[in-house]
Amino acid sequence: MDEAVDDYEQVSIYPLDDDDREALLKTHAECSFVWSTRDGHPLGVIMSYLWQDGRFWLTAGAHRHRVSAVRRDPRVSVVITSTGTKVGGGKSITAKGRCVVHEDAETKEWF
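Residues numbered from 1 in each chain as written. Predicted model: local features only at pLDDT ≥ 70, side-chain atom pairs only at ≥ 80, totals over all residues. Heavy atoms only, no water.

1. Overview of helix α2 (residues 65-72)
Basically, it comes down to this: Partly exposed describes any residue whose relative accessible area lies between the buried limit of under 20% and the exposed limit of over 50%, with all areas from a 1.4 Å probe on protein chains only and scaled to the type maximum. Numbered from the N terminus, helices here are DSSP runs of H or I no shorter than four residues, and strands are runs of E no shorter than two. Note that the arc is defined by the directions from the helix axis to the C-beta atoms. Pairs of residues are marked as contacts when any of their non-hydrogen atoms sit within 4.5 Å.
Among the residues of α2, those classed as buried are Arg66, Val67, Ala69 and Val70. The buried residues of α2 occupy an angular sector of 160 degrees when the element is viewed end-on, so they sit on one face. Elements in contact with the buried residues of α2: β1 (30-36), β2 (42-48) and β5 (75-81).

2. Looking at the sheet that holds β5
In plain terms, the rule: Here a strand pair is declared whenever DSSP counts at least two bridges between the two strands. Axis geometry follows a simple rule: fit a line to the C-alpha atoms, using only the stretch in contact for helices, then measure angles between N-to-C directions, giving values from 0 to 180 degrees.
Pairing within the open sheet is antiparallel, and its 4 strands lie in the order β2-β1-β5-β6. The open sheet terminates on both sides in strands that have one partner only, identified here as β2 and β6 (92-98). Averaged over all adjacent pairs, the angle separating strand axes in this sheet is 25 degrees, with direction ignored. With 3 bridges joining them, β1 and β5 adopt antiparallel strand pairing. Across the sheet, residue phenylalanine 33 finds its bridge partner in β5, namely valine 78. Against the sheet, α2 contacts β1, β2 and β5, and its axis sits at roughly 55 degrees relative to β1.

3. Topic: the nonpolar core
Going by this rule: Here the nonpolar core consists of buried residues drawn from Ala, Val, Leu, Ile, Met, Phe, Trp, Tyr and Cys, with membership extended through side-chain atoms lying within 4.5 Å.
Ranked by size, the top nonpolar core spans 14 residues in total, and within it Leu25, Phe33, Trp35, Tyr49 and Ile80 carry the most contacts. Elements supplying a minimum of two residues to this core: α1 (18-27), β1, α2 and β5. Sequence-distant contacts of phenylalanine 33, that is, excluding residues within four places in its chain, are made with Leu43, Gly44, Val45, Met47, Leu58, Arg66, Val70, Val76, Ser77, Val78 and Cys99.

This is the structure we're talking about:
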C-alpha cells in the first residue's frame, strides 16, 4: 500500500485477493463459528475446520447446543484470522451462510 492510512475505520481498503484468501483458508485450521440462540443472541465458539471445495467443514457431537441451534436457524458466520499463520498477521475473513448438518454415513466416513 503506497498511501498512508488516515481512516482505520475504513476496512474495505484491505481486501484479500483470491490467492491470499485461499492461502489463508487452507493454511489455518481454526475458526470462530457463530450461530444464534433461540432468543436471537449471537453465540460463538472456536472450532477446527477443513476448507474443502469452497466450503467450511466442521464437526460436533449431535448433543451440542450449536447443532440444535443450526437445525432451528441455519444462518451462521465463520471468522478466520491470519494471526499465528505463515500468511502473517493483520488479515481476516468473515463468511456468512447457511449451515447444513450432515448425518449420513458416507459424509461422516469422508470427514
